Amino acid sequence: MNYEVYRNTTLGNTLQECLDDMIQTNQITERLANRVLKEFDKSINTTLATRVKTRYNFKGTLSTYRFCDNVWTLLFKQIEFKETQQEKIVAYNVKFVACDGKKDTAANLD
């Protein structure tokens, strides 16, 4: 399953703005723009799952959590991140959104 959460990143927002501009100037159709966004969703999910190897440890105070529609949302306060052999990075409010990364064969049929 390809989630659309990465559309709200700087890269995703920039892509959407460019596609909107191209639609406005009749360079592409809205249907093609939607296909590009679906390909972006698929590519970013695959790339992050297979190419990113950096691991961070973190500890903090879990403020709030919820599980809805197979998506976890975790809100932390006073959280510390540490990569192996690196300095700690401290943040005061962090929100994690975690989706099931397993392939859903029924969803991949389209």
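Residues numbered from 1 in each chain as written. Predicted model: local features only at pLDDT ≥ 70, side-chain atom pairs only at ≥ 80, totals over all residues. Heavy atoms only, no water.

Our working definition: UniProt positions are given in the numbering used here, feature names are shortened, and annotations may be inferred rather than shown by experiment.
An unreviewed UniProt entry lists the protein under the name Transcription initiation factor IIA subunit 2, from Brachionus calyciflorus. Annotation of the protein in UniProt includes, under Function (unreviewed entry), the sentence "TFIIA is a component of the transcription machinery of RNA polymerase II and plays an important role in transcriptional activation." According to UniProt, the comment filed for the protein under the heading Sequence similarities (unreviewed entry) is "Belongs to the TFIIA subunit 2 family."

## Observations concerning a nonpolar patch on the surface
Here is the rule we go by: Residues forming no salt bridge and having over 30% relative accessible area are the ones grouped into patches, like charges within 9 Å of each other and nonpolar side chains (Val, Leu, Ile, Met, Phe, Trp, Tyr) within 5 Å. Using the Shrake-Rupley algorithm and a 1.4 Å probe, accessible areas are obtained, with residue cover drawn only from the displayed protein chains. We define a salt bridge as a contact between a side-chain nitrogen of Lys or Arg and a carboxyl oxygen of Asp or Glu at a distance within 4 Å. Put simply, DSSP H or I for four residues or longer makes a helix, DSSP E for two residues or longer makes a strand, and each gets a number counted from the N terminus.
On the surface, Leu62, Tyr65, Phe67 and Trp72 cluster together to form a nonpolar patch covering roughly 440 Å² of accessible area. For the nonpolar patch, the leading source of residues is strand E1 (residues 56–68), giving three residues. Mapped onto the secondary structure, tryptophan 72 falls in strand E2 (residues 71–83).

## A closer look at the pairing of strand E3 (residues 88–99)
Using the following cut-off: For two strands to be treated as a pair, DSSP must find at least two bridges joining them.
Sheet topology note: the E2/E3 ladder contains 11 bridges and is antiparallel. Within E3, the position partnered with isoleucine 79 by the bridge is alanine 91. The hairpin formed by E2 and E3 contains four residues between the paired strands, and glutamine 85 there has a positive phi angle of roughly 60°.

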